[in-house]
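Fold and contact review
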Amino acid sequence: MVYDVIIAGSGPAGSMAAFVCAKAGLEVLLIDKVRFPRNKPCGGALSVRSQQVLQSVGISLPPEIIDQVISGIEFMGPDLKPFVARTTQPLAKIVRRSLFDDYLARQAAAAGAQFIDNCPVVRLETSTDGVVCHTNQGKFSGQLLIGADGAASRVARITGLRGPEKSDEIGIALEVDVPLSDQVWNTFLNPSILVVWMLNIPYGYFWAFPRKMSLSLGLGGMATGFKNMRNLLKGIAQMFTTQKGLPSFALHGIRGHMLPLFKHQRPITSNRVLLTGDAAGFVDTFSGQGIYYALESGLLAAQAVINVIKQNQDPSKSLDQYSQLVQLRFGEELRCSYSVARFIHSRVHGFIQTGRRLKSFGKVIFDLASGNTDYYQIIHNPLRFSVSLFVHELQHRIHRRT
Ligand SMILES: Cc1cc2nc3c(=O)[nH]c(=O)nc-3n(C[C@H](O)[C@H](O)[C@H](O)COP(=O)(O)OP(=O)(O)OC[C@H]3O[C@@H](n4cnc5c(N)ncnc54)[C@H](O)[C@@H]3O)c2cc1C
């Protein structure tokens, strides 16, 4: 059988693409290297924008997948004086990636995609007519292939779309889940607040994200910036324990994962292959967020595939349109995220001081998380951004006085 589309990787990018293609009536094969449900090192913060993309295709998350609802961020800089920026509306939901990714893959299967896990792509043959995907469970043929196989994408490498990255384009993050009892939670921590400490970590930060009965602790940044990342994570975690008055805990099962840093847009299509999500390098260099870009690019790639199969559109034209749409939707914003990371990390102290003083800092964070604004708009129209900030600051202060 020749599938309309084969999708390699069933993280958020792959499952979203599979769901949309299957809903449109295409013959879809979704495969993943490992057995599902699988864990993926991740903070699991699902921004407002990510939730909006899911809603736009009719996927709603059942309550058991959502660990916490977030409405503020505790920041701390090298001066070790934390402050909390609160938002008036929920900023993000925290999900457990094992459950979230499994749920999305099952949604794609329920929509009609054939889902095979424990099935890594090992080799590819591409031609102008189609793609043959060799896996440990045999070979599969398709008209098109979506590479959604994550940061170390084999599809991207085999097709030559990604070569060896430059050292300033590779990020790395370590994550560990720390179980905490309910009592400890309620006494020492606020489950609606994310902790983000920017302690002169190159292009990165330490985080503590609340889960239902545990904390996701982690550390991420530019790969070349770390000498002994594990020890650094343990040291900062110890500091966190002391600062919050928590009973001390050991860090078991620390896992690392590559994180692409988006310095510039690279080719994301070639000869019947489209890259999405981390495989295409779509991660916000400043915040480290990638789930939104994975979902959005999965959706756009699906629409390009549907145009080829259903509208009989010329594949090369449709693939070009995919690249253009990505560029239009978030390409500039991602490119700016690199400049923003470079700018802020060279002035962490100033950034933290400004954030602490601004009463409307929470609103800026919410606007970024919900897509009301983005780095590109802020950088390219600083006057508009400053005026809107000034107005909100004024409103906030007047409101406080009355
Ligand atoms: C520690 C850490 C914390 C993070 N925290 C956040 C956060 O809080 N919020 C946020 O928005 N983003 C976060 N990110 C980024 C986010 O995890 C990624 O951007 C997101 O998972 C990308 O989704 P994806 O579908 O492109 O790839 P992935 O989720 O990585 O999925 C890729 C899938 O492809 C499969 N695969 C790999 N190779 C093959 C192969 N050869 N054949 C078949 N299948 C294959 C893998 O098994 C995997 O299931 C974090 C990243 C890290 C490393």
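Every residue gets a number counted from 1 within its own chain, in the order that chain's sequence is written. Totals for whole chains, interfaces and linings use all residues, but because this is a predicted model, local features are given only for residues with pLDDT of at least 70 and pairs of side-chain atoms are given and counted only at 80 or more. Computation of side-chain values: all heavy atoms of the structure, hydrogens and water removed.

Surveying the vicinity of the ligand reveals 36 residues, the closest of which are Asp32, Gly43, Arg97, Val121 and Asp278. Contact between the ligand and aspartate 278: an oxygen atom at 2.7 Å from a side-chain N or O atom of the residue. Polar contact criterion, stated in full: a pair of N or O atoms within 3.5 Å, where within protein one must be able to donate a hydrogen and the other to accept it, and residues adjacent in sequence count only if both atoms are side-chain atoms. One of the backbone N or O atoms of glycine 290 is found 3.0 Å from a nitrogen atom in the ligand. Here the ligand has 1000 Å² of accessible area as a free molecule, and 95% of this is covered by the chains. Secondary structure counts use DSSP, requiring at least four H or I residues in a row for a helix and at least two E residues in a row for a strand, with both numbered from the N terminus. Elements represented by at least two residues in the shell around the ligand include exactly helix H1 (12-23), strand E12 (170-179), strand E14 (205-210), strand E16 (255-260) and helix H7 (291-310). Gly counts as polar in this scheme, as do all residues outside two lists: the nonpolar Ala, Val, Leu, Ile, Met, Phe, Trp, Tyr, Cys and Pro, and the charged Asp, Glu, Lys and Arg. Grouping the constituent residues of the shell around the ligand by class yields 16 nonpolar, 11 polar and 9 charged. By convention in these notes, a residue is near a molecule or strand provided one of its non-hydrogen atoms lies within 4 Å of it. Accessible surface area values rest on a Shrake-Rupley calculation with a 1.4 Å probe, where residue burial reflects the displayed protein chains alone.

Moving on: the nonpolar core. Counting 74 residues, the largest nonpolar core has Ile7, Val28, Leu54, Phe100, Leu145, Phe282 and Tyr322 as the members making the most contacts within it. Here the element with the most residues in this core is H7; it accounts for 13 residues. Contacts were defined at the residue level, with two residues in contact if any of their heavy atoms lie within 4.5 Å. Apart from the residues lying within four places of it in its own chain, the contact partners of phenylalanine 282 are Phe262, Gln265, Ile268, Thr276, Gly277, Gly290, Tyr293, Ser297, Tyr322, Val326, Phe330 and Leu334. The definition of a nonpolar core used throughout is a set of buried Ala, Val, Leu, Ile, Met, Phe, Trp, Tyr and Cys residues joined through side-chain atoms within 4.5 Å. When a residue's accessible area, from a 1.4 Å probe over protein chains only, is under 20% of the maximum for its type it is buried; when over 50% it is exposed; and in between it is partly exposed.

When DSSP finds two or more bridges between two strands, those strands count as paired. The 3 strands lie next to each other as E3-E7-E4, forming an open sheet whose pairing is antiparallel. A strand with exactly one partner marks an edge of an open sheet, and here the two such strands are strand E3 (45-47) and strand E4 (66-70). The sheet shows a mean angle of 30° between the axes of neighbouring strands, taken without regard to direction. A fitted line through C-alpha atoms serves as each axis, taken over the contacting stretch for helices, and the angle formed by two N-to-C directions is quoted from 0 to 180°. Contacts from helix H2 (residues 48-56) reach E3 and strand E7 (92-95) within the one sheet, and its direction differs from that of E3 by about 70°.

Bringing the packing of H2 against H7 into the picture now. In the contact formed by H2 and H7, the axes pass within 8 Å of each other and the chain directions differ by 25°. As far as their axial angle goes, H7 and H2 are roughly parallel. In this structure, H2 meets H7 at a crossing whose hand is left-handed. Here Arg49, Ser50, Val53, Leu54 and Ser56 of H2 come into contact with H7, specifically with Ile291, Tyr292, Tyr293, Leu295, Glu296 and Leu299. Considering only residue class, the contact of H2 with H7 consists of 7 nonpolar, 2 polar and 2 charged. Note that the term roughly parallel is reserved for angles under 35 degrees, roughly antiparallel for angles over 145, roughly perpendicular for angles of 65 to 115, and oblique for everything else. Each crossing gets its hand from how the near helix is turned against the far one by less than a right angle, where anticlockwise is left-handed and clockwise is right-handed.

So, about the sheet that holds strand E15 (residues 214-222). Remark on secondary structure: sheet strands pair via backbone hydrogen bonds, oriented parallel or antiparallel. Across the sheet, 7 strands lie side by side as E6-E5-E13-E14-E15-E12-E16; this open sheet has mixed pairing. Every interior strand has two partners, whereas the edge strands, strand E6 (83-86) and E16, have only one. Each strand axis lies, on average, 20° off the axis of its neighbour in the sheet, ignoring direction. Where E12 lies against E15, 9 bridges are found, and the strand directions are antiparallel. Note that in E15 the partner of valine 176 across the bridge is leucine 217. The strands touched by helix H10 (residues 361-370) within the sheet are strand E5 (72-76) and E6, with E6 carrying the most contacts at an inclination of about 55°.

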